[in-house]
2 protein chains.
Amino acid sequence: MMREVAVIGTGMIRFGKYPDVSLADLGWPAARQAMDDAGVEPEDIGALFCGTGLGGPMPGQRIFGRLGMAGLPIINVENACSSGSSALNLGHTAIASGRYDIVMVMGVEKLTKFNGGPIPLEKEDWEVANGLVMPALYAMRARRYMHEHGATPEQLAGVVVKSRRHAALNPDAQLRGETTVEEVLASRMIADPFTLFQCCPTGDGAAAVVLCAADLASRYSPRPVKVQASHVASGHFESGPRDMTVPEITVRCAAETYEEAGLGPEDIDVAEVHDAFTSAELMYYEAFGFCRRGEAVQLLESGATSLGGRIPVNPSGGLLSKGHPVAATGAAQVVEVVRQLQGRCGKRQVEGAKVGLTHATGGGISGFDHGVCAIHIFTV
Amino acid sequence: MMREVAVIGTGMIRFGKYPDVSLADLGWPAARQAMDDAGVEPEDIGALFCGTGLGGPMPGQRIFGRLGMAGLPIINVENACSSGSSALNLGHTAIASGRYDIVMVMGVEKLTKFNGGPIPLEKEDWEVANGLVMPALYAMRARRYMHEHGATPEQLAGVVVKSRRHAALNPDAQLRGETTVEEVLASRMIADPFTLFQCCPTGDGAAAVVLCAADLASRYSPRPVKVQASHVASGHFESGPRDMTVPEITVRCAAETYEEAGLGPEDIDVAEVHDAFTSAELMYYEAFGFCRRGEAVQLLESGATSLGGRIPVNPSGGLLSKGHPVAATGAAQVVEVVRQLQGRCGKRQVEGAKVGLTHATGGGISGFDHGVCAIHIFTV
């Protein structure tokens, strides 16, 4: 019988560009904020799990050394854009096993170290070396989706308008100015149909959560949030024709996570999904069952996924506006959803939210096996 | 109550230089061998933990994709030289939690991708940038040890002679030719007192183990080996004078691991320790309590740590001769100790071995907080 696990503290720094700040100095303030929120001190923590995609050697040791926690078991996790949420999965397991009562999970990334240039390519990825970089890959999928379901550029741009409207209410978001469909479409072309505003920005960031055995959580937090399901899946495609409008790994991981939680799409009150590009958010509406296939634009335009709607998606602003410092994203999604379930989100609060979902997926540019997806469901 | 965990299968490739082989193609044969040894198939495995220090993005997904296992939960771990053994710690926890019955753990590294040049430096490590690279750091410690305890260059060289004598019996070792004290001292100087032969070689490698809940292990293996203790610690030094001849992180982690196992140094029948340089093996004899402080040379020269002695250390040849492909090392140590406890090591068999220990430690060049150490104790 696995022990149940709850989140008792959250912390993050505002995502943005901090070229003069080291990875360690990006990370520790988020960790300190999460401990303060939980009312715990370093000596209460049993182990540390640090997700980073491109952070170099021993990021966790560097970060937690700043807080006098370098003697603890520290394990660094690399799982591309799912690094932070994979770290959460490990932290969840570590408490579930009975090995620890309290652990900290972090996601941290510093993309400004590449000086505005591209993230270094892996030489094994021949498709990438030949030009199938992330915007190009997502653009192909978007074009196919537009072809299949009649979505227009203006409708894709609507995802950004919603995103910025939410982010304007989030002090931790990287891009906080509201925008219009016209502005989005007038920004420079990156990979047709994506203009600049339809791509998530690069930047730096850190987010942290403190996990606790659920039976002990009320000692620390007046509002612990239960981890109802924690699931990681990797990429896998059957041979044969593929449908580019269906994100297979997310569909499969979602089904497994819903089953683990004993819940379904109709139970979700708020979700943070991996909107790296506009079309991705639409496809994930369908992958999670928030609407039927081909009906994502209708769902968006109905207002259902906006604050005040039936199932607000990315109230934080999501990757498109809160920013996407690779590994920090998965952890920051959890920060947002936990705070939503605790009723602490001020003007962007999803009223009465009891069940929330986070979704971070990445890799998978190349041979389709190299993808990863991590989904968590939280309840109060 | 945590479930007990056993090793039911082991696999590794011979360590060496494989510049034309991709990381994925280094890894999968070790994983396949471990599954064959355990008598399990991909569909029996619940999750995969892949340790790599410098393997780039998503190594586990690349490797296990080759085996049709890319749909599983795969988590990549970076903990410098302890990456493989930290992955083992995660695999152990994952089974202990009840989440999975069987998991695979791998360590893999391809150092030839650096074309003989140095491993890229982390810019935050100013000491490294100023010349305190690994051989220099260990050399300072060695010089101090020689000063304190009167060890001579010839005595340090004796560690290599023993190492090569063991490796000559190990078909998976990178360097298999026997040597002499004279040859060791005549090899070119790297960092006084270390000549070339006193430094572990660089190379490529992969090693894998299959873990199973102990109560199910006998279904698969006639000779399961129990994981008696699994412990990871990170670096931490109190302020004040430091004794360079005492590897603090190993001393502390060893004490914690012995306590977890309910065993002490007198119980260990065979050990694989992190002999990255000759002096390191000597200091680890003392850190693990195999002898008293300052008496490591006597222990070595008594033959106690050679095959046939009281406590054979590094029967595989250790890092100095088996090789040291960073993350693969910790997993390969486990492969060796498990096979020793199963009585499968042929001419290098430690007769009657019932309790074995592995020790992988790394990082820690810089601010002393950045170290990591993972120790495991196995029993039959």
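Residues numbered from 1 in each chain as written. Chains lettered and ligands numbered in written order. Predicted model: local features only at pLDDT ≥ 70, side-chain atom pairs only at ≥ 80, totals over all residues.

### A short note on the overall build of chain A
Part 1: Helices and strands together make up the secondary structure of chain A, namely 12 helices and 11 strands.
Part 2: Against the 2.2 N^0.38 benchmark of 21 Å for 380 residues, chain A shows a C-alpha radius of gyration of 19 Å, consistent with a compact globule.
Part 3: The C-alpha extent of chain A, read off along each of the three principal axes, is 55 × 45 × 45 Å.
Part 4: Each of the 380 residues in chain A was classed as buried or not, and the buried ones make up 61%.
Part 5: Nonlocal contacts in chain A, meaning residues at least 24 apart in sequence, comprise 78% of its contacts between residues at least 6 apart. (Helix = DSSP H or I, 4+ residues; strand = E, 2+ residues; numbered from the N terminus. Rg over C-alpha atoms; globule rule 2.2 N^0.38 Å. Buried ≥ 20, exposed ≤ 12 C-beta atoms within 10 Å, placed from the backbone. Contact = placed C-beta atoms within 7 Å.)

### Some points on the packing of helix 3 (residues 83–96) of chain A against helix 12 (residues 326–341) of chain A
Residue and element names in this part refer to chain A.
Part 1: Orientation of helix 3 relative to helix 12, taken along the N-to-C sense of each, is 55°, at an axis distance of 5 Å. With respect to each other, helix 3 and helix 12 are oriented oblique. Residues Ser-83, Gly-84, Ser-85 and Leu-88 of helix 3 touch helix 12, and the partners they reach there are Val-326, Ala-327, Ala-328, Thr-329, Gly-330, Ala-331 and Val-334.
Part 2: Along the lines of polarity and charge, the residues of the contact of helix 3 with helix 12 split into 6 nonpolar, 5 polar and no charged. (Axes fitted to C-alpha atoms, helices over the stretch in contact; angles between N-to-C directions. Parallel < 35°, antiparallel > 145°, perpendicular 65-115°, else oblique. Nonpolar A, V, L, I, M, F, W, Y, C, P; charged D, E, K, R; others polar.)

### Some remarks on the relation of the copies chain B and chain A
Part 1: Superposition record for chain B on chain A: RMSD 0.0 Å, screw rotation 180°, translation along axis 0.0 Å. Read as a symmetry element, the transformation amounts to a two-fold axis. Residue Ser-97 of chain B, judged by its C-alpha, is the member of chain B lying nearest the rotation axis, at 1.7 Å.
Part 2: Interface residue correspondence from chain B to chain A reaches 100%, placing this contact among same-surface, isologous pairings. (Least-squares fit on C-alpha atoms with pLDDT ≥ 70 in both.)

### So, the interface of chain B and chain A
Part 1: Every contact between the two is made by 42 residues of chain B and, on the other side, 42 residues of chain A.
Part 2: Looking at the side of chain B that touches chain A, the elements that each hand over two or more residues are helix 2 (59–65), strand 3 (74–78), helix 3 (83–96) and strand 8 (225–234) of chain B.
Part 3: Looking at the side of chain B that touches chain A residue by residue, the classes come out as 18 nonpolar, 18 polar and 6 charged.
Part 4: Of the pairings in the sheet, the one linking strand 3 (residues 74–78) of chain A to strand 3 of chain B comprises 3 bridges and is antiparallel in character. (Pairing = 2+ DSSP bridges.)

### Quick look at the packing of helix 6 (residues 153–167) of chain B against helix 9 (residues 278–287) of chain B
Residue and element names in this part refer to chain B.
Part 1: In the contact formed by helix 6 and helix 9, the axes pass within 8 Å of each other and the chain directions differ by 90°. Between helix 6 and helix 9, the interaxial angle falls into the category roughly perpendicular. Where helix 6 abuts helix 9, its residues Leu-156, Val-159 and Val-160 lie against Thr-278, Ser-279, Glu-281 and Leu-282.
Part 2: Of the residues that constitute the contact of helix 6 with helix 9, the class distribution is 4 nonpolar, 2 polar and 1 charged.

### A word on the pairing of strand 11 (residues 371–379) of chain A
Residues and elements named next belong to chain A.
Part 1: The buried count for strand 11 comes to 8 of 9 residues, which makes it a mostly enclosed element.
Part 2: Direction of pairing for strand 8 (residues 225–234) relative to strand 11: antiparallel, over a ladder of 8 bridges. Among the inter-strand pairings, Ala-229 is bridged to a residue of strand 11, identified as Ile-377.
Part 3: Strand direction decides the pairing type here: strand 10 (residues 355–363) and strand 11, joined by 9 bridges, are antiparallel. Residue Thr-358 lies in a different strand from strand 11, and its bridge partner there is His-376.

So yeah, pure geometry; function would need other evidence.
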